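A structural walkthrough
Chain residues, written in single-letter form:
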Amino acid sequence: MTAPLVLGIESSCDETGVGIVRGTELLANQVASSVDLHARFGGVVPEVASRAHLEAMLPTLARACEDAEVDLSEVDGIAVTAGPGLVSALVVGVATAKALAVALNKPLYGVNHLIGHVAVDVLDHGPLPSPAIALLVSGGHSSLLRVDDIATSVRELGSTIDDAAGEAYDKVARLLGLPYPGGPVIDKAAALGNPRAIAFPRGLTATKDLAKHRFDFSFSGLKTAVARWVETRRRDGEDVPINDVAASFQEAVCDVLTAKAIAACEAEGIGDLLIGGGVAANSRLRSLLEERATAAGIRLRRPRPGLCTDNGAMIAVVGGAAMVAGVRPSSLDIGVDSGLPVSTIVV
Ligand code: KG4
Ligand code: ZN
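Residues numbered from 1 in each chain as written. Chains lettered and ligands numbered in written order. Predicted model: local features only at pLDDT ≥ 70, side-chain atom pairs only at ≥ 80, totals over all residues. Heavy atoms only, no water.

**Some remarks on the nonpolar core**
The following threshold applies: For this analysis, a nonpolar core means a set of buried residues of the types Ala, Val, Leu, Ile, Met, Phe, Trp, Tyr and Cys, connected via side-chain atoms within 4.5 Å. Relative accessible area decides the class of each residue, using a 1.4 Å probe on protein chains only: under 20% of the type maximum gives buried, over 50% gives exposed, and in between gives partly exposed. Counting from the N terminus, the helices are DSSP H or I runs at least four residues long and the strands are E runs at least two residues long. When checking whether two residues touch, look at their non-hydrogen atoms; a contact exists if any pair is within 4.5 Å.
Ranked by internal contacts, the top residues of the largest apolar core, which has 47 residues, are Leu 135, Leu 144, Phe 249 and Leu 257. Elements with a contribution of two residues or more to this core: strand E6 (132–137), helix H6 (165–175), helix H7 (182–190), helix H9 (220–235), helix H10 (242–268), strand E9 (272–276) and helix H11 (283–296). Dropping the residues within four chain positions of it, Leu 135 is found in contact with Ser 143, Leu 144, Phe 217, Leu 257, Ala 261, Leu 273, Leu 274, Ile 275, Gly 276, Leu 285 and Leu 289.

**Re the coordination of the zinc ion (ligand 2)**
Quick note on the threshold: For Na, K and Ca the donor cutoff is 3.2 Å, while for all other metals N, O and S atoms count as donors only within 2.8 Å; water does not appear among the atoms, so some sites may look incomplete.
Distances from the zinc ion (ligand 2) to its protein donors, namely His 113 (NE2), His 117 (NE2) and Asp 310 (OD), fall within the range 2.0 to 2.1 Å. Summarised as a motif, the one-chain spacing of the donors to the zinc ion (ligand 2) is H-x3-H-x192-D. Of the two residues, His 113 and His 117 are both situated in helix H4 (residues 113–119); the distance of 4 residues between them amounts to about one turn of the helix. According to the relative accessible area criterion, His 117 is buried, its value standing at 1%.

**Describing the pattern of salt bridges**
To keep things clear, this is the line we draw: A side-chain nitrogen of Lys or Arg and a carboxyl oxygen of Asp or Glu constitute a salt bridge if their distance falls within 4 Å.
This model, assessed by the stated rule, comprises 16 salt bridges. Among the salt bridges present, the one from Glu 268 reaches Arg 146, with a minimum N-O distance of 2.9 Å. In this pair, Glu 268 sits in helix H10 while Arg 146 sits in strand E7 (residues 142–149), placing the two residues 122 residues apart along the sequence. The exposure class of Glu 268 is partly exposed, given its relative accessible area of 26%. Linking Arg 233 and Glu 238 is a salt bridge whose minimum nitrogen-to-oxygen distance equals 3.5 Å. Look at Arg 233 and you get partly exposed, because its relative accessible area is 24%. For Glu 238, a relative accessible area of 40% corresponds to the partly exposed category. One salt-bridge network, in which partners are shared between bridges, spans Arg 146, Asp 148, Arg 155 and Glu 268.

**A word on the environment of Thr 224**
Put simply, the rule reads: Definition of a polar contact: a pair of N or O atoms within 3.5 Å, with one able to donate and the other able to accept a hydrogen when the atoms are protein atoms, and with sequence-neighbouring residues admitted only if both atoms are side-chain atoms.
In this structure, Thr 224 sits in helix H9. Measuring from C-alpha to C-alpha, the distance between Thr 224 and Thr 294 comes to 33 Å, with 70 residues separating the pair along the chain. At 2.9 Å, the side chain of Thr 224 and the backbone oxygen of Ser 220 are in polar contact.

**Digging into the domain arrangement of the chain**
Rules: Boundaries between domains were set according to an automatic or database domain assignment. Buried area adds together the accessible area that both of two parts lose upon being put together, with accessible area traced by a 1.4 Å probe.
Domains assigned within the chain are domain 1 (5–120 + 311–324) and domain 2 (130–303). On a C-alpha basis, the centroid separation for the pair domain 1 and domain 2 is 27 Å. Each partner contributes residues to the interface: domain 1 has 16 residues there, and domain 2 has 17 residues. The junction of domain 1 with domain 2 conceals about 1,300 Å² of combined surface from both sides, 78% of it contributed by carbon and sulfur atoms.

**As for the sheet that holds strand E8 (residues 153–159)**
Stated precisely, the cut-off is as follows: When DSSP finds two or more bridges between two strands, those strands count as paired. Axis angles are defined between N-to-C directions and span 0 to 180 degrees, where every axis is a line fitted to C-alpha atoms and, for a helix, only to the segment in contact.
One open sheet holds the 5 strands; their spatial order is E8-E7-E6-E9-E10, and the pairing between them is mixed. The sheet is open, and its two edges are formed by E8 and strand E10 (299–301), each paired on a single side. When strand polarity is set aside, the average angle formed by the axes of neighbouring strands in this sheet is 25°. Examined bridge by bridge, E9 and E10 share 3 bridges and lie parallel to one another. Bridge pairing in E10 places Leu 274 opposite Arg 301. Sheet contacts for H10: E6, E7, E8 and E9; angle to E6, the most-contacted strand, approximately 155°.

Now the structure itself:
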């Protein structure tokens with residue numbers, strides 16, 4: 001039996017994404033970003049994002065169908081991000097998906113955005129090993145997950161107790177006077193700096209914290225430490241070595257993420273680790289994880305950077321997996337849930 005042909009729609013933040021996949025095969029992945037509209041505000045403005053989704057949705061859908069050489073009538077199911085994310089942005093995707101499901105008489109799957117980030121690697125490296133540990137690092141979330149089945153069974157082992165990793169990148173970029181989103185610019189600046197120039201703190205890694213927060217993260221203390229360091233330099237009339245600050249900050253983030261990811265694999269006795277979310281595009285995270293996974297005898301899966309950030313294909317993958325697993329389609333009266341927990345895969 002051939003895998004179902006699934007259309008995936010993503011609109012949880014500032015990217016309007018429409019993807020078309022068949023099982024592990026990527027047929028189209030169109031993304032329209034409103035990031036430039038938000039850059040001058042230093043972060044995403046929900047109402048601006050929502051309007052941009054409205055304008056971009058149908059043209060993006062048309063481009064995806066054209067790329068995949070697929071007529072909408074051929075699609076077997078419609079998947080859409082139902083949460084977590086910005087409510088006014090999510091509703092645009094969900095309304096579009098419901099309209100398509102009704103018009104085409106196809107099943108609707110309201111799926112979890114975070115699971116999309118974890119699942120997308122199947123498009124690059126085939127079906128996921130089971131079980132696997134997933135390090136999910138995005139703008140709004142940072143978690144370690146145990147993934148037994150991408151359509152039916154995901155359990156959170158730990159998560160951030162304050163800022164997400166991507167949020168820390170964005171905030172540190174802002175205080176260094178760098179543009180939004182901060183991740184890619186810090187990644188570039190860090191490549192020119194010395195990661196050992198400044199010893200920034202590694203949150204929740206002290207022995208006393210590990211007892212309660214072994215697989216949890218904390219990045220707000222790091223952000224404050226960077227802010228203090230920069231303020232002191234400025235107050236003393238000294239230049240701020242942006243590349244060194246970026247490299248040292250990045251090293252602190254990546255050191256903690258990779259150490260805890262490997263520790264989670266070891267604690268669960270699982271030899272497969274995968275990464276997902278916007279921060280998974282980070283060059284240092286990818287290389288350090290490769291180094292440490294190899295040393296620990298753990299197999300590592302990293303989706304190409306272009307699939308790490310928000311897109312519709314990752315949502316289609318989850319919808320397709322749900323269809324194959326026989327998960328009941330979502331009702332046509334589903335709402336959106338800005339705080340959808342990661343353990344809810346299909347609403
Ligand atoms: O997953 P994503 O596209 O959206 C959310 O679901 O939040 O992640 C966006 C986040 C932003 O905080 C952005 O700064 C970060 O991912 N990001 C990066 C890189 N590319 C994007 N962080 C570090 N290094 C990168 N290369
Ligand atoms: Zn995301």
